[in-house]
Amino acid sequence: MKKYLGSSISAYCAVMLLILSTFSIGFGIFAVSCERSIATFFLLAMCLFSCICGILYLWICRSQLLSWGDFQDKAVYVHTLFQKKFSLDYEKCRSCGIGMYRHAFMNSQNSILGSNVFFIFMSLDYFPEKYRTQINLWKPSQRQIKVRFSKKLYFYLMTVLPKKQAMMLKADYERYIK
């Protein structure tokens, strides 16, 4: 089962970074082609700088924004653009469970405007509980991944995970999802 290792918000950020970076370059070139002055060259430099910053951010956060997981019987194989493929063996995972964060309007945690976004996480290290309700701050790496929760993925993982990891995931499912 192949799955994007982010949420819809992560995919939106990745797409918008590419669009805005491309748009800023186009805008800067258009400005210089209309009139050649110090102001338009300065505008072009600002557009180039914003494009470089956007692409640099996309590069730094590529494990969070540009990753896909291929969930197999014994391991998940993670594919990230411009990075070597790696895998996490289910048997070696010390932590496996469900985390969430509140995606709310203007970061108002108690607001009725917003929703809870759930993720399934797997880690070769122990999971720090302080990230359980702030999973968006927990950064993926070659030792840990998170993927947006879906029932289809959950039930698939329950069939392929070793008993210990399946029990951890089931306990979190009954605690946070049900």
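In what follows, the structure referred to is the one given above.
Residues numbered from 1 in each chain as written. Predicted model: local features only at pLDDT ≥ 70, side-chain atom pairs only at ≥ 80, totals over all residues. Heavy atoms only, no water.

Caption draft 1: Molecular detail of the overall build of the chain. Of regular secondary structure, the chain possesses five helices and seven strands. Of the regular secondary structure in the chain, the N- to C-terminal order runs β-α-α-α-β-β-β-β-β-β-α-α. Expected size for 178 residues packed as a compact globule is a radius of gyration near 16 Å; at 20 Å, the chain overshoots this value by more than 25%. Principal-axis analysis of the C-alpha atoms gives the chain an extent of 70 × 40 × 25 Å. By the burial criterion, 41% of the 178 residues in the chain qualify as buried. Considering only residue pairs separated by 6 or more positions, the chain has 57% of its internal contacts joining residues 24 or more positions apart. With an accessible surface of roughly 11,000 Å², the chain has 64% of that area assigned to carbon and sulfur atoms. (Helix = DSSP H or I, 4+ residues; strand = E, 2+ residues; numbered from the N terminus. Rg over C-alpha atoms; globule rule 2.2 N^0.38 Å. Buried < 20%, exposed > 50% of the residue type's maximum accessible area, 1.4 Å probe, protein only. Contact = heavy atoms within 4.5 Å. Areas by Shrake-Rupley, 256 points an atom, 1.4 Å probe, with all protein chains shown as cover.)

Caption draft 2: The nonpolar core, seen in detail. Within the largest apolar cluster, 26 residues are counted, with the highest numbers of intra-cluster contacts made by Phe 71, Ile 120, Met 122, Ile 145 and Leu 157. Mapped by element, the contributors of at least two residues to this core are strand 3 (75–80), strand 4 (86–89), strand 5 (95–104), strand 6 (114–123), strand 7 (144–148), helix 4 (151–160) and helix 5 (163–177). For this core, the element with the highest residue contribution is helix 4, accounting for four residues. Counting seven residues, the second largest nonpolar core, distinct from the first, contains Tyr 101, Val 117, Phe 119 and Phe 121. (Core = buried A, V, L, I, M, F, W, Y, C linked by side-chain atoms within 4.5 Å.)

Caption draft 3: The arrangement of the sheet that holds strand 2 (residues 67–71) in detail. With respect to topology, four strands assemble into an open sheet ordered 1-2-3-4, the strand pairing being antiparallel. Across the chains shown, the open sheet's two edge strands, defined by having one partner strand only, are strand 1 (2–4) and strand 4. Strand-to-strand twist across the sheet, computed as the mean angle between neighbouring axes with direction ignored, equals 25°. Both strand 2 and strand 3 contribute to a ladder of five bridges, which runs antiparallel. For Trp 68, the partnering residue across the bridge sits in strand 3 and is His 79. (Pairing = 2+ DSSP bridges. Axes fitted to C-alpha atoms, helices over the stretch in contact; angles between N-to-C directions.)

Caption draft 4: Summary view of the packing of helix 4 against helix 5. In contact at an axis separation of 10 Å, helix 4 and helix 5 are set at 145° when each is read in the N-to-C sense. As for the relative orientation of helix 4 and helix 5, their crossing is left-handed in sense. Of the residues in helix 5, those in contact with Lys 151, Tyr 154, Leu 157 and Met 158 of helix 4 are Ala 166, Leu 169, Lys 170 and Tyr 173. A breakdown of the residues in the contact of helix 4 with helix 5 according to their chemical character gives six nonpolar, no polar and two charged. (Left-handed = near helix turned anticlockwise from the far one by under 90°. Nonpolar A, V, L, I, M, F, W, Y, C, P; charged D, E, K, R; others polar.)

Caption draft 5: Fine view of the sheet that holds strand 6. The strand order across the open sheet built from three strands is 5-6-7, with neighbouring strands paired in antiparallel fashion. Single-partner strands in this sheet number two, and they are strand 5 and strand 7. Sheet twist, expressed as the mean angle between neighbouring strand axes with direction ignored, is 30°. Sitting on the sheet, helix 4 is in contact with strand 6 and strand 7, with an inclination near 25° to strand 6. Along the sheet, helix 5 contacts strand 5 and strand 6; its crossing angle with strand 5, the most-contacted strand, is approximately 25°.

Caption draft 6: How the structure looks around the environment of Phe 30. Position of Phe 30 relative to the elements: it lies in helix 1 (residues 8–34). Residue class for Phe 30 comes out exposed when judged on its relative accessible area of 51%. Note: C-alpha distance between Phe 30 and Val 15 (15 residues apart in sequence) is 22 Å.

Caption draft 7: Local environment of unusual backbone geometry. Within the chain, Phe 82 stands out as a residue other than glycine whose phi angle is a positive 60°. With respect to the helices and strands, the residue Phe 82 is situated in the loop between strand 3 and strand 4.

Caption draft 8: Spatial organisation of the pairing of strand 7. By the criterion of burial, strand 7 is predominantly enclosed, with four of the five residues buried. As judged from the five bridges shared by strand 6 and strand 7, these two strands associate in the antiparallel manner. By the bridge assignment for strand 7, Ser 123 is matched with Gln 144.

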